[in-house]
Amino acid sequence: MSTTNTFLNTPTKTPNSTSISKKHHKQHASDSGSEFKDRFEAYNRLQAAAVAFGEKLPIPEIVAIGGQSDGKSSLLEALLGFRFNVREVEMGTRRPLILQMVHDPTALEPRCSFQEEDSEEYGSPIVLASAIADTIKFRTESLLKRTRAAVSSKPIVMRAEYAHCPNLTIIDTPGFVLKAKKGEPERTPDEILSMVKSLASPPHRIILFLQQSSVEWCSSLWLDTIREIDPTFRRTVIVVSKFDNRLKEFTDRWEVDRYLSASGYLGENTRPFFVALPKDRGTISNDEFRRQISQVDAEMLHYLRDSVKGGFDEDKYRSSIGFGCLRDYLEAELQRRYKEATPATLALLEQRCGEVTAEIARTECKIKATSDVAHLRKSAMLHTAALCNHVEALIDGAADPAPEQWGKTTEEERSESGIGSWPSVTVDIKPPNATLRLYGGAAFERVMHEFRCATYSIKCPPVSREKVANILLAHTGRGGGRGIAEAAAEIARAAARSWLAPLLDTACDRLAFVLGYLFEISIEKNHGHDSNHRHRSVDMDGYVGFHAALRQSYNHFIKDLSKECKQLLRHHLDSVTSPYSHVCYDNNFIGSFSSGASSMYQFNQASTGPLCLDLSDGGPALRKEVMKDQENIPPEKNAQETTPGKVTENREALRECQMTVPETPSPDQPSDGNYGIKRELVNCVDVGARKRHPRIAGNARNCGQNGESLLFGNGDNISRPSSTYAEICSSAAQHFARIREVLVERSVASTLNSGFLTPCRERLLVALGLDLFAVNDEQFMDMFVAPGAIDTLENERQSLQKRQKILHSCLNEFKSVARAL
């Protein structure tokens, strides 16, 4: 045990026990006067206030810790001087219990009262011992049920005034356990250990560690835990409980002295206390209980003196044996620490009083500001600007707040947005990084890539013979005719308008959801920024109307962007599917586009390189599965296939003057190879320069004897690959792929980026400002009619004023105590 003046934890070696007893008696007699009583009451009131308001004050306290069956409950009852069946309700197993024992000579019967939860006030006194146990049990179960926890570090404060208890404050903690009880979470033992460590770690607290005498020091389960908290035992009082169970093992003096010294494990200067208490748990009076405690002490000394050969070293160990010695030591030690801590406590109280006064002033300023239009406008503008800055930062790339918590996977985006899968897409689209939790710009780019995968997975739908016949033969009777290529192009345009338009709308809706979710993340980011700087530059909490208007304005802004993007994309779709578009006809345009589109796609892939480097498990395999069909990817520059709709490059294109072909394909002979396509491409190239109307043969040339269409057969036989129907379907599929590629590679990406991201960076703050602040003061104040916010501030002010009153009262008491010292 340390012998310094600062810490005095356990009795040290002394010449004789008589001097120790006289010293303790003298100390107890001097401190039992009005001086110590005032100081003790002052600390009790301060402790109650600290518990109620969550103050962290270094008040000297005793913390009792030990295993669940090591006798803490019996020790507390002995200190109180009466029983109230604490072991039956396990009062120290789930919530700490702060026992404030007040020695009151006039209280012939114990008067116990409990501090109200979250208040410094105490309830009505409780006289019945069973009622005390029931109150502890009820409060423990109520709090744990409300917090849905197995244990809680929030203490119960109980004040006990009694003529037979010392002036002592002790904190009873949950007992250590190795395994959770039936029905409790498995982590309960770890939670108890962590909570007890946090309660015993503050250096101003005395640790009262109990261990049964039947446990050898080398086998102690919890002694290492005490060493972690207090390695030198400078503030630890070790108590060996149930010592009477060990006495019968001693026959010679050297056995007793060796056991009592415990020098091999605790050190030369550390002396534990050896205590035994009555084992009878029957119903007895308080006087009988105290008599039995004294009797057990006397019986232990009698056995050591008379039943052990040679007795024991009373000069060293007499002051460490018996409950009475432990009680006197704890009271004297706590009184000494109270006296030493008074100056520091006084200074800390003055500091806290000043801080509370400043907090009250700030709260009053907030209350006053609730009716100040200029102040509210400034605060609201700053708050809005901060959120807009956070949105921009999240779009540009951010990792705060934690993406693991706030990000979403592709599946979560689909589910929470309510959009689900892509329309008309039968395959499961899983873009790279689909399983990662992303938000902001990263999530935006992932949706863009997912849109590309979904779009390229759609093929030109099959076309019935009736549709082809209706398109190709409609103008026959009028002498107009469209030809095979024109029919294929018209089919491709109709398919593109029907199948690609829903994909474009879905892409806009998905991107709008990604950007709309940034509002929630920006609020969290704003709170995190304020907490990191330990203050909130703009306090807008409680103004529900303003926050609702801000959220609504932001959502409208994103919806308007989505609507505008849908209109722009629909315009691009109409342009590329227009009959006047050269996408399906112009050979030079097609050839330059085929090579250019491939390089453009490669550029887009390079620009989104980090996204294409799949960081999630199975990404490459998924990407390979989606893009395994050549129809689902844009044409590459070095592709082995001939560009869709383009004449074979190995054959030199013939001029029109060199071609001798019928203007309308003969229904009696199928077209071979590029016959129809070549003819119509030549005609269509000249559409811009001159308008040509090829003559079409009469109906008789296109019909058989029975009126059957010779162009498509009788419908019973499957067309040959070289038939006109198959040629039109093949050409339509090629035109569809070309339309899709032009739309995706040239229009969609740039339109969505400029339609969504650029406005969020450049126009968001202005748009929100116009909605929220470009109104008169009366309309503006409608957003700040927040009785809830004002009530919150009023309650905060009242709480601070109450705390200020309590702290000032404690401060005045400590000033009086300091003057008495």
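What counts, and at which threshold
- Residues numbered from 1 in each chain as written.
- Predicted model: local features only at pLDDT ≥ 70, side-chain atom pairs only at ≥ 80, totals over all residues.
- Heavy atoms only, no water.
- Helix = DSSP H or I, 4+ residues; strand = E, 2+ residues; numbered from the N terminus.
- Buried < 20%, exposed > 50% of the residue type's maximum accessible area, 1.4 Å probe, protein only.
- Contact = heavy atoms within 4.5 Å.
- Areas by Shrake-Rupley, 256 points an atom, 1.4 Å probe, with all protein chains shown as cover.
- Core = buried A, V, L, I, M, F, W, Y, C linked by side-chain atoms within 4.5 Å.
- Phe/Tyr/Trp six-rings, centres within 6.5 Å; stacked < 30°, edge-to-face > 60°.
- Lys NZ or Arg CZ within 6 Å of the ring centre and 35° of its normal.
- Arc of directions from axis to C-beta.
- Pairing = 2+ DSSP bridges.
- Axes fitted to C-alpha atoms, helices over the stretch in contact; angles between N-to-C directions.
- Disulfide = S-S within 2.5 Å.
- Right-handed = clockwise from strand over helix to strand, strands pointing away.
- Parallel < 35°, antiparallel > 145°, perpendicular 65-115°, else oblique.
- Left-handed = near helix turned anticlockwise from the far one by under 90°.
- Nonpolar A, V, L, I, M, F, W, Y, C, P; charged D, E, K, R; others polar.
- Salt bridge = Lys/Arg side-chain N within 4 Å of Asp/Glu carboxyl O.
- pLDDT = per-residue confidence, 0-100.

**Remarks on the overall build of the protein**
At step 1: Looking only at helices and strands, the protein features 29 helices and 8 strands.
At step 2: Counting over 821 residues, the protein shows a buried share of 49%.
At step 3: Once local pairs closer than 6 in sequence are excluded, the contacts in the protein between residues at least 24 apart make up 81%.
At step 4: For the protein, the computed accessible surface area is about 40100 Å², with 51% contributed by carbon and sulfur atoms.

**Some words on the nonpolar core**
Across soluble globular proteins, nonpolar side chains have a tendency to be buried as a group.
At step 1: Formed by 74 residues in total, the largest nonpolar core has its most connected members in Leu515, Phe546, Leu752, Phe756 and Phe784.
At step 2: For this core, the secondary-structure elements that each account for two or more residues are α14 (373-396), α17 (441-456), α19 (483-532), α20 (544-576), α26 (724-762), α27 (764-773) and α28 (777-782).
At step 3: With 18 residues, α19 is the single largest residue contributor to this core.
At step 4: Ignoring any residue separated from it by four or fewer positions in sequence, one finds phenylalanine 784 in contact with Leu376, Ala380, Met540, Tyr543 and Phe546.
At step 5: Judged by nonpolar contacts, the second largest core, of 62 residues, contains Ala42, Leu80, Ala160 and Phe273.

**Examining the packing of aromatic side chains**
At step 1: Counting across every chain of the model gives 11 aromatic pairs.
At step 2: A ring pair is formed by phenylalanine 243 and tyrosine 259, whose centres lie 6.2 Å apart and whose planes are at 15°; its orientation type is stacked. With phenylalanine 243 in the loop between β7 (236-241) and α8 (244-247) and tyrosine 259 in helix α9 (residues 253-261), the pair connects residues that are 16 residues apart, well separated along the chain.
At step 3: Exposure remark for phenylalanine 243: the relative accessible area of 0% places this residue in the buried category.
At step 4: Where phenylalanine 243 meets phenylalanine 274, the ring centres are 5.1 Å apart and the plane angle is 50°; that geometry is what we call tilted. Taken together, the residues span a long stretch of sequence, with phenylalanine 243 in the loop between β7 and α8 and phenylalanine 274 in strand β8 (residues 273-274) at a distance of 31 residues.
At step 5: Taken together, Phe243, Phe250, Tyr259 and Phe274 form an aromatic cluster joined through their ring pairs.
At step 6: Its guanidinium or amino end placed over the ring of tyrosine 517, lysine 408 lies 4.4 Å from that ring's centre, counting from NZ or CZ.

**Description of α27**
At step 1: Those residues of α27 that fall on the buried side of the exposure criterion are Leu764, Leu768, Gly769, Leu772 and Phe773. Along α27, the residues classed as buried sweep out an arc of 125° about the axis, all on the same side. The exposed residues of α27 that point more than 90 degrees off its buried face are Val766 and Leu770.
At step 2: For α27, the elements touching its buried residues are α14, α20, α26 and α28.

**Details of the sheet that holds strand β5 (residues 168-172)**
In any sheet, the strands associate via hydrogen bonds between backbone groups, in a parallel or an antiparallel arrangement.
At step 1: Read across the sheet, 8 strands follow the order β3-β4-β2-β5-β1-β6-β7-β8 without closing on themselves; strand pairing throughout is mixed. Only two strands of the sheet have a single partner each, and these edge strands are β3 (111-114) and β8.
At step 2: With 6 bridges connecting them, strand β6 (residues 205-212) and β7 associate as parallel partners. Across the sheet, residue phenylalanine 209 finds its bridge partner in β7, namely isoleucine 238.
At step 3: Where helix α3 (residues 72-80) meets the sheet, it contacts β1 (61-66), β2 (97-103), β4 (156-162), β5 and β6, and its direction lies at approximately 160° from that of β5.

**Quick notes on helix α18 (residues 465-473)**
At step 1: Every buried residue of α18 is listed here: Arg465, Val468, Ala469 and Leu472. The buried residues of α18 occupy one face: seen down the axis, they fall within an arc of 100°. Facing away from the buried side of α18, by more than 90 degrees, are the exposed residues Glu466, Lys467 and Asn470.

**Observations regarding the state of the cysteines**
At step 1: By the definition in use, this model includes 0 disulfides.
At step 2: Cysteine 112 carries a free sulfur, and the closest cysteine sulfur to it, the one in cysteine 165, is 8.6 Å from it.
At step 3: Look at cysteine 112 and you get buried, because its relative accessible area is 1%.

**A word on the pairing of β7**
At step 1: Taking burial as the measure, the 6 residues of β7 include 6 buried ones, the bulk of the element.
At step 2: Taking the sense of rotation as the criterion, the β-α-β connection linking β6, helix α7 (residues 223-229) and β7 turns out right-handed.
At step 3: Relative to β8, β7 runs parallel, the two sharing 2 bridges. Residue pairing for β8: valine 239 is matched across the bridge by phenylalanine 273.

**Observations concerning the packing of α14 against α27**
At step 1: α27 packs onto α14 with a crossing angle of 150° between their chain directions and a minimal axis gap of 10 Å. Comparing their axes, α27 and α14 come out roughly antiparallel. The chirality of how α14 crosses α27 is right-handed. Contact residues: Arg377, Ala380, Met381, Thr384, Ala385, Cys388 and Val391 in α14; Leu764, Leu765, Leu768, Leu772 and Phe773 in α27.
At step 2: Taken together, the residues of the contact of α14 with α27 sort by class into 10 nonpolar, 1 polar and 1 charged.

**Some details on the packing of α20 against α26**
Each pair of packed helices gets described by two things: the angle between the helix axes and the distance between those axes.
At step 1: In the contact formed by α20 and α26, the axes pass within 10 Å of each other and the chain directions differ by 160°. Comparing the axis directions of α20 and α26 gives the class roughly antiparallel. In the packing of α20 onto α26, the handedness of the crossing is right-handed. The segment α20 lies against α26, with Phe557, Ile558, Leu561, Ser562, Cys565, Leu568, Leu569, His572, Leu573 and Val576 engaging Ile739, Val742, Leu743, Ser747, Val748, Thr751, Leu752, Gly755, Phe756, Pro759 and Cys760.

**Some points on unusual backbone geometry**
At step 1: Cis peptide bonds are those with omega within 30 degrees of zero, and the linkage from aspartate 400 to proline 401 qualifies with 5°.
At step 2: Note that proline 401 resides in the loop between α14 and α15 (403-406).
At step 3: A positive phi angle, close to 70°, is found at serine 424, a residue other than glycine.
At step 4: Structurally, the position occupied by serine 424 is in the loop between α16 (410-417) and α17.
At step 5: One non-glycine residue with positive phi stands out, namely asparagine 433, at about 65°.
At step 6: Looking at where asparagine 433 falls in the secondary structure, it is placed in the loop between α16 and α17.
At step 7: Exposure remark for asparagine 433: the relative accessible area of 4% places this residue in the buried category.

**Some thoughts on the pattern of salt bridges**
At step 1: Under the defined criterion, the tally for this structure stands at 40 salt bridges.
At step 2: Note that lysine 408 and glutamate 416 form a salt bridge whose closest N and O atoms lie 2.4 Å from each other.
At step 3: The class for glutamate 416 is partly exposed, based on a relative accessible area of 46%.
At step 4: Where glutamate 745 meets arginine 452, a salt bridge forms, and the shortest distance between an N and an O atom there is 3.1 Å. Here arginine 452 lies in helix α17 and glutamate 745 lies in helix α26, a separation of 293 residues in the sequence. We note that glutamate 745, like arginine 452, is buried.
At step 5: Members of the salt-bridge network, linked through shared partners, are Glu411, Glu413, Arg414, Asp428, Lys430, Arg446, Glu450 and Arg510.

**Considerations on the confidence of the model for the protein**
Interpretation of the predicted coordinates at a detailed level should be avoided for regions scoring low in pLDDT.
At step 1: Per-residue confidence for the protein gives a mean pLDDT of 74, with 72% of residues at or over 70.
At step 2: Within the model, pLDDT remains below 50 along residues 1-32, and this stretch shows 63 contacts once partners closer than five positions in the same chain are excluded.
At step 3: For residues 587-616, every residue scores under 50 in pLDDT, and the model assigns this stretch 56 contacts once sequence neighbours within four places are set aside.

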